[in-house]
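Tertiary structure, described
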Amino acid sequence: MFTSKSVAVCVSLTSGSAALAQSPQFGQSIEPADIAAWDISIGPDGAGLPPGRGTAIEGEAIYVAKCQACHGDRGIGPSVVLAGALVGGMGTLAPDKTPIKTVGSYWPYATTLFDYVRRAMPFQESKSLTADEVYAVTAYILDLNGIVGSNDVIDAQSLPKVRMPNRDGFIPFPRNPK
Amino acid sequence: MVGKTHPEPGDPAAGNGILSRRIFLEGALVAGATSAGLSRGSAEPLTVQPWMKVPGPGFGGYGQPSPFESKVIKVFPPPPNPAGVGASRTPLHMLEGMITPSGLHFERSHSGVPEIDPDQHRLVIHGLVKRPLVFTVEALSRYPMQSRIAFIECGGNSQALNAPQAQPLNVAAIHGLLGCSEWTGVRLSTLLDEAGIEPQARWVIAEGADAAAMSRSIPLAKAMDDALLCLYQNGERVRPSNGYPVRLLLPGFEGNMNVKWLRRLKLTADPAMTKDETSKYTILLKDEKAWQFVFPMEVKSVITRPSPGLTLRGPGFYEISGQAWSGNGSIRQVDVSADGGRSWAPAALQGPILPKAPVRFRAAWQWNGGPAVLQSRATDDTGMMQPTRAQFGDERGLRGVYHYNAIASWRIDEKGEASNVYV
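Residues numbered from 1 in each chain as written. Chains lettered and ligands numbered in written order. Predicted model: local features only at pLDDT ≥ 70, side-chain atom pairs only at ≥ 80, totals over all residues. Heavy atoms only, no water.

1. Quick notes on the overall build of chain A
Helix and strand counts for chain A stand at six helices and four strands. Secondary structure elements of chain A, listed N to C terminal, follow the sequence α-β-α-β-α-α-α-α-β-β. In chain A, of all internal contacts separated by at least 6 residues, the share reaching a separation of at least 24 is 58%. In the form shown here, chain A has an accessible surface area of approximately 9,500 Å², with 60% of it arising from carbon and sulfur atoms. (Helix = DSSP H or I, 4+ residues; strand = E, 2+ residues; numbered from the N terminus. Contact = heavy atoms within 4.5 Å. Areas by Shrake-Rupley, 256 points an atom, 1.4 Å probe, with all protein chains shown as cover.)

Put into structure tokens, the structure is as follows:
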């Protein structure tokens, strides 16, 4: 035991210091400000949300012009199958029901809606909406689901506080590797 | 049987015609197993073909499959969905061995395949690191590299088998979101060490340069363990549909996390809760709860031959061939059955048997021309065995969509036609 252990320690020390000494350093340093245009991740605590604001009332026009063609009138009955319904399905997660998973019935965090719409929607011209437009269309989809009011101002402070109906619906998978 | 001490190669090993795998291990067939194959009559006289008499065409810069193999293609649903959303599937029933040809590797993309100029591509590592760093593809190419053979399976593979009635689909349509390549690239841990990991970091948010900026949160432990930034696939640069110029490989983890067209890695204390780790790739259970962050693709196998569309030509000897894999380790054993799981015999495993890589298994089958239900059941070296469909459904229900890994069944009818069934 003693022998094999000390050998293992030796080996790991050697390879560790060798790796440090020999590892090439080809990365170029960059200032956080120069990453900003790419750093579009929003945390569930709201970290990363940009300045700006919007309400559902303002968001309706954006939705009708830029989203409805694929996601359907008021987020129900999408014409593009993979796009999916954005609204409704409340109560369908119950046992033995056929689940209709939407932003309203399934999504645990409202911040995800902002993050995803900003990075990926509208489908043909992603990343084209202003921060105000993303806040507004986010507010509209949340309003259609009965989660916020039509005049509620959605911004970096209020969005992370929105409590989604299925917030507690998720549990960890018991068999992940340690 | 009287007086025999151990089974001969052609001996029955399980019900309805499964023979001993010693046929493969020893390369020997007994007369009984081949007789049906021999009773085909005599061959036509041999003729000299035109291509035997004149020189063939000259060289080409990039080899193509024979024009006679034009049916061996990926399958994908036709529009109306916006181009590039959804998946194309590997034609598993027309392939052999363990490696998927790069051009036939399944693809799942969320906003088409970006055309990326490698000279313009950048990978940035930032967030909870001491030194945010940017890498060009050229810079990545200068690091010491590693190769490994690994499968990638979409988290949504085989989801058709959740349907209450068995659908008339073939192996590509059901199980074709599976591919295996030899991947070569730079260990992610090397680059994270170079950037200097802050002690609070627990997760790495990986993001693609596609129009969807597909994004997933990955445990830092996995990133440091065996994650690879792949520049090469099967010896050549990664194909655009598989993430050119650089993709993330997380051996054994659900396909969606192996982010393609990798442009950004942000170290964080908590996961980002992206659309593809909340709305999608979570598993709704029997009750109202859903499993979230389901990482490994658990032990699984599928018979690729015989399978729907590959009609058997009369009773006699057939090889049952398929693939088995586990995101948790190496395949230890694959059993096959021709009687819908009533009796099983071990299949021969084709080496090399590598962790988180598919294994080709083979079994010898003497088809008597009657009905049969072919199944395979894999066990990995953690001891986990593929569940039956009933056991799978008992644990989690059949509403989960993702990570379906129960035993699959092909019924063979008297005409030799195979179809997808539940037993």
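2. Notes on the interface of chain A and chain B
Contact residues are listed per partner, giving 48 residues for chain A and 60 residues for chain B. Here chain A and chain B share an interface that buries about 4,700 Å² over both sides, 59% of which is from carbon and sulfur atoms. In terms of surface lost to chain B, no three residues of chain A exceed F26, W38 and F123 of chain A, which account for 16% of the buried area on that side. Taken together, the links from chain A to chain B amount to five salt bridges. (Buried area = accessible area lost by both parts, 1.4 Å probe. Salt bridge = Lys/Arg side-chain N within 4 Å of Asp/Glu carboxyl O.)

3. Notes on the packing of aromatic side chains
A ring pair, where both rings are aromatic, is described by two values, the distance of the centres and the angle of the planes. Under the criterion given, the structure shown has 16 aromatic pairs over all chains. Pairing F26 of chain A with Y143 of chain B gives two aromatic rings, centres 5.1 Å apart and planes at 75°, and the pair type is edge-to-face. Taken together, the residues F26 of chain A in the loop between α1 (2-22) and β1 (28-29) and Y143 of chain B in the loop between α3 (137-140) and β7 (146-153) connect one chain to another. Looking at F26 of chain A, the relative accessible area reads 21%, which means it is partly exposed. With centroids separated by 5.2 Å and ring planes inclined at 5°, the aromatic side chains of F253 of chain B and F295 of chain B adopt a geometry described as stacked. A residue pair is termed long-range when its members are at least 10 positions apart, and F253 of chain B in the loop between β13 (247-249) and β14 (262-268) and F295 of chain B in the loop between β16 (290-292) and β17 (300-305) qualify at 42 residues. As far as the burial class goes, F253 of chain B and F295 of chain B line up, both buried. Here the guanidinium or amino end of K101 of chain A rests over the ring plane of Y106 of chain A, the centre of that ring lying 5.0 Å away. Across the ring face of W344 of chain B, the terminal group of R377 of chain B is positioned such that the distance to the ring centre comes to 4.2 Å. (Phe/Tyr/Trp six-rings, centres within 6.5 Å; stacked < 30°, edge-to-face > 60°. Buried < 20%, exposed > 50% of the residue type's maximum accessible area, 1.4 Å probe, protein only. Lys NZ or Arg CZ within 6 Å of the ring centre and 35° of its normal.)

4. Considerations on the sheet that holds β16 of chain B
One open sheet accounts for three strands, arranged β4(A)-β16(B)-β15(B); its pairing is mixed. One side of each edge strand has no neighbouring strand; the edge strands of this open sheet are β4 (170-172) of chain A together with β15 (283-284) of chain B. In terms of strand pairing, β15 of chain B meets β16 of chain B through two bridges, oriented antiparallel. The residue of β16 of chain B that forms the bridge with L284 of chain B is A290 of chain B. (Pairing = 2+ DSSP bridges.)

5. Side note on helix α7 (residues 389-396) of chain B
Residue and element names in this part refer to chain B. Within α7, burial applies to R389, F392, G393 and R396. The buried residues of α7 occupy an angular sector of 95° when the element is viewed end-on, so they sit on one face. The exposed set on the far side of α7, more than 90 degrees from its buried face, consists of A390 and D394. Here the buried face of α7 lies against β15 and β16. Positive phi appears at G397, one or two residues downstream of α7, with a value of about 80°. (Arc of directions from axis to C-beta.)

6. Considerations on the environment of A345 of chain B
Residue and element names in this part refer to chain B. Considering the arrangement of structural elements, one finds A345 in strand β20 (residues 345-346). C-alpha separation for the pair A345 and L46, spaced 299 residues apart in sequence, amounts to 41 Å. Residues within four places of A345 in sequence aside, it is in contact with A13, A14, I18, V334, D335 and V336.

7. Some remarks on the sheet that holds strand β19 (residues 331-337) of chain B
Residues and elements named next belong to chain B. Pairing is antiparallel in the open sheet, where five strands are placed in the order β20-β19-β23-β24-β25. Two strands close off the open sheet at either side, each with one partner strand: β20 and β25 (418-421). Sheet topology places strand β23 (residues 372-380) next to strand β24 (residues 409-412); four bridges connect them, and they run antiparallel. Bridge pairing links A372 to I412 in β24.

8. Topic: the packing of helix α3 (residues 56-66) of chain A against helix α6 (residues 131-144) of chain A
Residue and element names in this part refer to chain A. The interhelical angle for the contact between α3 and α6, taken along N-to-C directions, is 100°, at an axis separation of 7 Å. The angle between the axes of α3 and α6 places the two elements in the roughly perpendicular class. Note on element contacts: α6 touches α3 through E133, A136, V137, A139, Y140 and D143, opposite A56, E58, G59, E60, I62 and Y63. For the contact of α3 with α6, a count of residues per class yields seven nonpolar, one polar and four charged. (Axes fitted to C-alpha atoms, helices over the stretch in contact; angles between N-to-C directions. Parallel < 35°, antiparallel > 145°, perpendicular 65-115°, else oblique. Nonpolar A, V, L, I, M, F, W, Y, C, P; charged D, E, K, R; others polar.)

9. Notes on the nonpolar core
Counting 40 residues, the largest nonpolar core has V103, L142, V162 and M164 of chain A as the members making the most contacts within it. Of all the secondary structure elements, the ones that give two or more residues to this core are α3, α5 (111-120) and α6 of chain A. Residues contacting V162 of chain A, with those up to four places away along its chain left out, are A110, L142, I147, V148 and I154 of chain A. Listed in part, the 39 residues of the second largest apolar core include A14, V336, A338 and L374 of chain B. (Core = buried A, V, L, I, M, F, W, Y, C linked by side-chain atoms within 4.5 Å.)

10. Some thoughts on the pairing of β24 of chain B
Residue and element names in this part refer to chain B. Note: β24 against β25, four bridges, orientation antiparallel. Across the sheet, the residue bridging to R411 is S419, located in β25. Between β24 and β25, which pair antiparallel one after the other, the connecting turn spans five residues, and G416 there sits at a positive phi close to 85°.

11. Looking at the packing of α5 of chain A against α6 of chain A
All names here are of chain A. With their axes 10 Å apart at the nearest point, α5 and α6 run at an angle of 130° to one another. One element, α5, and the other, α6, form an angle in the oblique class. Every pair of crossing elements has a handedness; the one defined by α5 and α6 is right-handed. Touching L113, F114, V117 and R118 of α5 are A131, V134, Y135, V137, T138, I141 and L142, all from α6. Of the residues that constitute the contact of α5 with α6, the class distribution is nine nonpolar, one polar and one charged. (Left-handed = near helix turned anticlockwise from the far one by under 90°.)

12. Considering unusual backbone geometry
Residue and element names in this part refer to chain B. With an omega of 5°, the peptide bond running from Y244 to P245 counts as cis. Structurally, P245 can be placed in the loop between β12 (236-237) and β13. A cis amide bond links R305 with the next residue in sequence, P306, at an omega value of -5°. As for its placement among the helices and strands, P306 is situated in the loop between β17 and β18 (316-325). You will see that Y281, though not glycine, has its phi angle at about 60°, which is positive. For Y281, a relative accessible area of 4% gives the class buried. In this model, V401 sits at a positive phi of 65°, which is unusual for a non-glycine residue. Relative to the helices and strands, V401 resides in the loop between α7 and β24. Taking the relative accessible area as the measure of exposure, V401 reaches 23% and is therefore partly exposed.

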